[in-house]
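Observations on the model geometry
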Amino acid sequence: MAGQPGFFDVDERYAALSAAGDPLERLSAVVDFEIFRPVLDTALARSDCGRGGRPPYDAVMMFRILVLQALYSLSDEQAEFQLRDRLSFMRFAGLALHQAVPDAKTIWLYREQLKQAGAMKGLFRRFDEVLAAKGFLAMGGQIIDATLIAAPRQKLTVEEKATIREGGTPEHWSKAKRAQKDRDARWTLKRGRAKPKSEGHQRQVIQIAVPVFGYKSHIGIDRRHGLIRRWTVTDAAQHDSRSFAGLLDPGNTASRVWADTAYRTKRNLEVLERRGLSERIQFRRPPRRQLSEQQAKANASRARIRSGIEHVFAAQKRRMALFVRTIGLARAQVKIGMANLAYNFTRLAWLSTRAAPA
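Residues numbered from 1 in each chain as written. Predicted model: local features only at pLDDT ≥ 70, side-chain atom pairs only at ≥ 80, totals over all residues. Heavy atoms only, no water.

Details of helix α3 (residues 37–44)
Taken together, the buried positions of α3 are occupied by V39, L40, A43 and L44. Down the axis of α3, the sector holding all buried residues measures 120°, keeping them to one side. Exposed and facing more than 90 degrees away from the buried side of α3 are P38 and T42. On its buried side, α3 packs onto α4 (59–72), α7 (104–117) and α8 (120–133). (Buried < 20%, exposed > 50% of the residue type's maximum accessible area, 1.4 Å probe, protein only. Helix = DSSP H or I, 4+ residues; strand = E, 2+ residues; numbered from the N terminus. Arc of directions from axis to C-beta. Contact = heavy atoms within 4.5 Å.)

Description of the nonpolar core
Within the largest apolar cluster, 77 residues are counted, with the highest numbers of intra-cluster contacts made by F33, F36, L40, F63, Y110, F127 and F345. Top contributing element to this core by residue count: helix α15 (residues 329–351), with twelve residues. Counting twelve residues, the second largest nonpolar core, distinct from the first, contains L247, L248, Y263 and I281. (Core = buried A, V, L, I, M, F, W, Y, C linked by side-chain atoms within 4.5 Å.)

So, empty space enclosed by the protein
By the definition in use, this model includes one cavity of 30 Å³ or more. Listing elements by their share of the lining of the largest cavity, those giving two or more residues are α7 and α15. Residue contributions to the lining of the largest cavity peak at four residues, all from α7. (1 Å grid on protein atoms, 1.4 Å probe; cavity = no way out; pocket = protein on both sides within 12 Å on 5 of 7 lines; lining within 4 Å. Points joined across faces, edges and corners; volume = space filled by probe spheres on them.)

Structural notes on the environment of F89
As for its placement among the helices and strands, F89 is situated in helix α6 (residues 87–93). When the C-alpha positions of F89 and L68 are compared, they lie 7.6 Å apart, and in sequence the two are 21 residues distant. Residues within four places of F89 in sequence aside, it is in contact with L24, L68, Y72, L74, Q82 and L83.

What about the packing of aromatic side chains?
Enumeration according to the criterion identifies twelve aromatic pairs in this entry. Note on F33 and F345: the rings are 5.4 Å apart at their centroids and 85° apart in plane angle, and the pair reads as edge-to-face. Of this pair, F33 sits in the loop between α2 (23–30) and α3 while F345 sits in helix α15, and the two are 312 residues apart along the sequence. Taking relative accessible area as the criterion, F33 reaches 1% and is therefore assigned buried. On the accessibility criterion, F345 (0% relative accessible area) is buried. Arranged with centres 5.9 Å apart and planes meeting at 55°, the rings of F36 and F345 form a pair that is tilted. (Phe/Tyr/Trp six-rings, centres within 6.5 Å; stacked < 30°, edge-to-face > 60°.)

Some words on the pattern of salt bridges
Going through the model one piece at a time under the given rule, you end up with 19 salt bridges. R84 is the partner of E80 in a salt bridge, and the nearest nitrogen-oxygen pair spans 3.1 Å. Of this pair, E80 and R84 both sit in helix α5 (residues 76–85), four residues apart, which is roughly one turn of that helix. Among the ionic pairs, E129 bridges to R126, the shortest N-O distance being 3.1 Å. With E129 and R126 both in helix α8, this residue pair falls three residues apart, about one helical turn. For R126, a relative accessible area of 26% puts it in the partly exposed group. Several salt bridges converge on common partners, so that one network encompasses D22, E25 and R91. (Salt bridge = Lys/Arg side-chain N within 4 Å of Asp/Glu carboxyl O.)

Quick word on the side chain of H225
Mapped onto the elements, H225 comes out in the loop between β5 (207–222) and β6 (228–235). Judged by relative accessible area, which is 2%, H225 ranks as buried. Within the local environment of H225, its side chain forms a polar contact with the backbone oxygen of L137, the two atoms lying 3.4 Å apart. (Polar contact = N/O pair within 3.5 Å; in protein donor to acceptor, adjacent residues only side chain to side chain.)

Let's talk about the layout of surface pockets
Considering only enclosed or pocket space, the largest pocket measures out at about 1,100 Å³ in volume. Lining the largest pocket are 24 residues, and of these R191, G192, D260, T261 and A262 lie nearest its centre. Those elements giving two or more residues to the lining of the largest pocket turn out to be β1 (142–150), β2 (186–193), β5 and α14 (310–319). No other element matches β2, which puts six residues into the lining of the largest pocket. Estimated volume of the second largest pocket: approximately 490 Å³. Residue assignment for the lining of the second largest pocket shows that the elements contributing at least two residues are α4, α5, α7, α10 (175–180) and α15.

What to know about the packing of α2 against α4
Orientation of α2 relative to α4, taken along the N-to-C sense of each, is 130°, at an axis distance of 13 Å. Judged by the angle between their axes, α2 and α4 are oblique. As for how α2 packs across α4, the hand of that crossing is right-handed. Residues P23, L24, L27 and S28 of α2 form the contact with α4, whose own contacting residues are R64, L68, L71 and Y72. (Axes fitted to C-alpha atoms, helices over the stretch in contact; angles between N-to-C directions. Parallel < 35°, antiparallel > 145°, perpendicular 65-115°, else oblique. Left-handed = near helix turned anticlockwise from the far one by under 90°.)

What to know about the side chain of Q69
Its location among the elements puts Q69 in helix α4. Judged by relative accessible area, Q69 falls into the buried class, the value being 5%. Every residue in contact with Q69, bar those within four places of it in the chain, is listed here: L74, S75, D76, A79, I107 and R111.

Notes on the packing of α5 against α7
Contact pair α5 / α7: the axes reach a minimum separation of 8 Å and the direction vectors enclose 120°. What the angle tells us is that α5 and α7 run oblique. Here α5 and α7 pass one another in a crossing that is right-handed. Residue-level inspection shows D76, E77, A79 and E80 of α5 in contact with α7, the latter providing A104, I107, W108 and R111.

Printed below as a string of structure tokens:
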């Protein structure tokens, strides 16, 4: 029929996308997503398709869709629409024009299966093996930090908030309301400093505290390549230092560990000493006193290296616009875990354009 697009027209469109430098095509060239199939098949534990019924969507194709969601901060509904609308998304997912696009409910169910199977750690370990095989070993020591990830704010009464803080559920909530209310996320204050202002001969530093509701992403990266090697997720109110020991990577080839002042606790220093690791945690300023000159110089030196982890958080929060739309800690772990994997994918794509790994 006249005016109907043919195969050659689609090929020309794909060629034009490639010529424009499609970042998703570069990502597909660097990351072999088939390596995740054994982990995904085990997690999904699908029944025998020979019994009849509609065959399930390919596991790796659905995983690629979760990667797209992480890279572009897409809800399930937005992911469905973009897959129908954008050729670059279709090509990345491996969907032909004539193939059916998974709807929002199917995407949600797939992610839910991964949550129930606890598959994120296995997927992360599998990619770690690939990184090692490519020569991107954890080297140069490790940097540890945490950042707040916002979630939709809950509209609750004072009594409901008190009940949830104590680990309970308001008795008057219906089953439907319980399913829609996030009882795992918590409020906390994000503290910072405004730009100093000069008044006369004195410079005043204004302290800022912004309330945030959601979760906290804790990560550890290697200094050499800047890849996420260890991670965990907690509610936003948990102190950074409590996750420190679990973020230490025993596979790192160097002993030094960098972190900010929040991690300088007696317990964490003892953990480092027991494991034979060299601490590079920044010093805290004593109450009503200044740091010694030696400590101030050490902090400045450590901060220059420790700041490398901020590039990870900046990429996830700005470029990837990371936001937890799901409900509950287990789903937040899948959401943030996928963001960590997606970051490593893009980081590997960038590293692959540089010199060969050490």
